[in-house]
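Fold and geometry: a report
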Amino acid sequence: MVDMHCHILHGIDDGARTIDDALSLCHIAQRQGITDIIVTPHFADYEKVESFVRYRDNKLEELKIELEAEESELRLFAGCELYLDEIIFSAPDLDAVTLNNSRYMLCEFSLSGFDCDEALSWIDELIRRDYVPILAHPERYETFLRVPEFINEFAQRNILFQVNADSLTGGNGKKCFALACEMLRLNLVDFIGSDAHSPKYRPNDLLNKTEYFPDFIDNETLEKLLNENPELVIADRKIILPERGVI
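Criteria and thresholds
Residue numbers run consecutively from 1 along every chain, following the written order of its sequence. pLDDT decides what is reported in this predicted model: residues at 70 or higher carry local features, side-chain atom pairs at 80 or more are listed and counted, and totals for whole chains, interfaces and linings draw on all residues regardless. The basis for every side-chain value is the complete set of non-hydrogen atoms in the structure, without hydrogens or water. Numbering of helices and strands starts at the N terminus; helices are DSSP runs of H or I of at least 4 residues and strands are runs of E of at least 2. Between the two quantities, the radius of gyration covers C-alpha atoms and the globule rule is 2.2 Å times the number of residues to the power 0.38. By the convention used here, residues are in contact when the closest approach between their heavy atoms is within 4.5 Å. Each accessible area is a Shrake-Rupley result for a 1.4 Å probe, and residues are judged covered by the shown protein chains and nothing else. Here the term buried applies to any residue with accessible area under 20% of the maximum for its type, exposed to any over 50%, and partly exposed to those in between, with areas from a 1.4 Å probe on protein chains only. All tallies of charge rest on Lys and Arg as positive and Asp and Glu as negative; His and the ends of each chain are not included. Throughout this description, the term salt bridge denotes a Lys or Arg side-chain nitrogen within 4 Å of a carboxyl oxygen of Asp or Glu. Polar contacts, as counted here, are pairs of nitrogen or oxygen atoms within 3.5 Å of one another; within protein the pair requires one atom able to donate a hydrogen and one able to accept it, and residues that are adjacent in sequence qualify only if both atoms are side-chain atoms. Each axis is a line fitted through C-alpha atoms, and for a helix only the stretch in contact is used; angles between axes span 0 to 180 degrees, taken between their N-to-C directions. Oblique is the label for any angle not covered by the other classes, which are roughly parallel (under 35 degrees), roughly antiparallel (over 145) and roughly perpendicular (65 to 115). Handedness of a crossing is defined here by the sense of rotation of the near helix relative to the far one, left-handed for an anticlockwise turn of less than a right angle and right-handed for a clockwise turn.

Each helix and strand in the chain was counted, giving 9 helices and 9 strands. Against the globule reference of 18 Å for 247 residues, the chain gives a C-alpha radius of gyration of 17 Å, in line with a compact fold. The dimensions of the chain, computed from C-alpha atoms along their principal axes, are 50 × 45 × 30 Å. Intrachain contacts of the chain at a sequence separation of at least 6 include 79% that bridge at least 24 residues. When the accessible area of the chain is evaluated, it comes to approximately 11,300 Å², of which 46% is carbon and sulfur surface.

What follows is the structure, encoded as structure tokens:
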């Protein structure tokens, strides 16, 4: 499996606090059959791209050295989770904060709410810059929970959607579960990620979580969302979108 949304790096955001926490998440990943992780620390200060990338890469190298000492075969790739707002219009080149230096960009909005038209304009700006936006955990945004139909306007732009495994187990509440399931039924989900932050309170135990997924999610779908599509991101290859339904 590939975990393409994971806050595994230590001391850089609200994810792993220490390198021991980061290693614990790596060990969980290996036990769960995860072979590849794209590290996605939060990033919001567009004026500090270079310093963020330098700090992220240093943390990533520290973690890789520890894994090499353990002779671990787990592979880690650089990325980020980009917070989108109106500052995107004046942002510098963002190639260094894509997923594994691809054209794919994992991005997020405010969980508590956002203006749909404004958010679409931010997505349009990423597309204008030739990035492929992947919207992180759409099932968790208050705006979409209140008006699910807004998701259709984002889908019309052929962006990609990543839901959290926790949401498909009911761990983020009934409303998130219902929206995540509806999106899956309508082919509006392209990835499942752990969005892990902590080995104890928010782990990346993806395999365990799949046992509690709804029965309608078959193995073929899981293979695509947990393996095939994330591998295409890492390789910077095009993902062929399924025929989308309409909420």
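With respect to the helices and strands, Glu-108 occurs in strand β6 (residues 104-108). The buried charged residue Glu-108 lacks any salt bridge partner; its closest oppositely charged side chain belongs to Arg-140, at an N-O distance of 6.6 Å. Side chain to side chain, Glu-108 and His-42 meet in a polar contact 3.0 Å long. For Glu-108, the contacting residues outside a window of four places in its chain are His-42, Glu-81, Leu-82, Tyr-83, Leu-84, Leu-135, Ala-136, His-137 and Tyr-141.

This part takes up the packing of helix α1 (residues 19-31) against helix α2 (residues 49-69). Between α1 and α2, the shortest axis-to-axis distance is 11 Å and the interhelical angle comes to 60 degrees. What the angle tells us is that α1 and α2 run oblique. Viewed along their axes, α1 and α2 form a crossing whose handedness is right-handed. In this structure, α1 uses Ile-19, Ala-22, Leu-23 and Cys-26 to contact α2, whose residues at the interface are Glu-62, Leu-63, Glu-66 and Leu-67.

The subject of this paragraph is unusual backbone geometry. Trans is the prevailing form of peptide bonds, just as negative phi is the prevailing case for residues other than glycine. One non-glycine residue, Glu-71, adopts positive backbone phi at about 60 degrees. Relative to the helices and strands, Glu-71 is located in the loop between α2 and β4 (75-78). On the basis of relative accessibility, which here comes to 70%, the residue Glu-71 falls in the exposed class. The backbone of Asn-158 sits at a positive phi, close to 60 degrees, despite the residue not being glycine.

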